[in-house]
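Take a look at the letters that make up each chain.
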Amino acid sequence: MATILLITPSTAADPFPPLGLLSHTVVTRSPKDQVLTESSGADVVLIDARVDLGSAKNICQMFASAGVGVPRLVILAEGGLAAYSAVWQCQDFLMDSASPAEVEARLRILVSPQEGAATRVTAGGIVIDEAAYSVWLDDEPLELTYTEFELLKFLAAHPGRVFSREQLLDEVWGYDYFGGTRTVDVHVRRLRAKLGPEHESFIGTVRNVGYRFAVK
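Residues numbered from 1 in each chain as written. Predicted model: local features only at pLDDT ≥ 70, side-chain atom pairs only at ≥ 80, totals over all residues. Heavy atoms only, no water.

**Focus: the nonpolar core**
Line of reasoning, step 1. With 26 residues, the main nonpolar core has I126, I128, L151, L168 and F213 as its most contacted residues.
Line of reasoning, step 2. Residue assignment for this core shows that the elements contributing at least two residues are β6 (120–123), β7 (126–129), β8 (134–137), α5 (146–156), α6 (165–173), α7 (182–195) and β12 (210–213).
Line of reasoning, step 3. Ranked by the residues each element gives to this core, the list is headed by α5, at six residues.
Line of reasoning, step 4. The residues touching I126, leaving out its near neighbours within four places in the chain, are V121, V135, W136, L137, L152, L195, F202 and F213. (Core = buried A, V, L, I, M, F, W, Y, C linked by side-chain atoms within 4.5 Å. Buried < 20%, exposed > 50% of the residue type's maximum accessible area, 1.4 Å probe, protein only. Helix = DSSP H or I, 4+ residues; strand = E, 2+ residues; numbered from the N terminus. Contact = heavy atoms within 4.5 Å.)

Quick look at the structure:
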């Protein structure tokens, strides 16, 4: 059984009936929700393009730009076939007339283990994609330097755990780094500034010890 994130503008109780006849767990969200963050727990993202092709295309491309490795499947009405192409950057599509058996078969193919899937860290609303070297916060991209990215990735991969400045130097900068621990403080300050006032508390200071990623 897979977990399916269904992104749809429909407010119907059963927006895509064939899916409701299968045994998968379906999480339904609006295109206006923070769908990048929501995708962290999904095996497949199902994007409803039956009503608004433009919005659905933008969502597909947003996932691709963020480097999110969860496979994406688009639901199309017959009239939308002419608009669908490779630039949507989705793995497959379904017609809205598809039977439950066809939906199940396409989902089964996508959920199968995929070689080279991107490594992601998701915590506290942050989506960090190691393969794409990209970071998204509340569906907005963060522009980070290489070292800022590595520092944030390391802390977020160990939520709640406290690391001393010396440990962070070893883990992020490497054993051959000859600079002082002050550089850790500088990079933490820059990261907090880029996270903004609402999210700077993600990187917590533990007095006389070091830093930790504080999940809200």
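Moving on from the model shown.
**Points about the pairing of β12**
Residues in a regular strand project their side chains so that they alternate between the two faces of the sheet.
Line of reasoning, step 1. Where strand β10 (residues 163–164) and β12 come together, two bridges link them in antiparallel fashion. Among the inter-strand pairings, F163 is bridged to a residue of β12, identified as Y211. (Pairing = 2+ DSSP bridges.)

**Observations regarding the sheet that holds β8**
Line of reasoning, step 1. Strand order in the open sheet formed by four strands is β6-β7-β8-β9, and the pairing between neighbours is antiparallel. Each end of this open sheet is capped by a strand with a single partner; those strands are β6 and β9 (140–142). Pairwise comparison of adjacent strand axes, ignoring direction, gives a mean angle of 20 degrees for this sheet. (Axes fitted to C-alpha atoms, helices over the stretch in contact; angles between N-to-C directions.)

**With respect to the packing of aromatic side chains**
Line of reasoning, step 1. Applying the stated criterion across every chain yields a total of four aromatic pairs.
Line of reasoning, step 2. Judged by centre distance (5.6 Å) and plane angle (20 degrees), the ring pair of F202 and F213 falls under stacked. A residue pair is termed long-range when its members are at least 10 positions apart, and F202 in the loop between α7 and β11 (203–206) and F213 in strand β12 qualify at 11 residues. As far as the burial class goes, F202 and F213 line up, both buried.
Line of reasoning, step 3. Grouping aromatic residues by their ring pairs yields a cluster made of Y84, W88 and F93. (Phe/Tyr/Trp six-rings, centres within 6.5 Å; stacked < 30°, edge-to-face > 60°.)

**Some words on the sheet that holds β10**
Line of reasoning, step 1. Taken in spatial order, the three strands make up an open sheet running β10-β12-β11, and their pairing is antiparallel. Every interior strand has two partners, whereas the edge strands, β10 and β11, have only one.
Line of reasoning, step 2. Each of β10, β11 and β12 touches α5; the most contacted strand, β12, lies at about 70 degrees to it.

Function-wise, these values are silent; they only describe arrangement.
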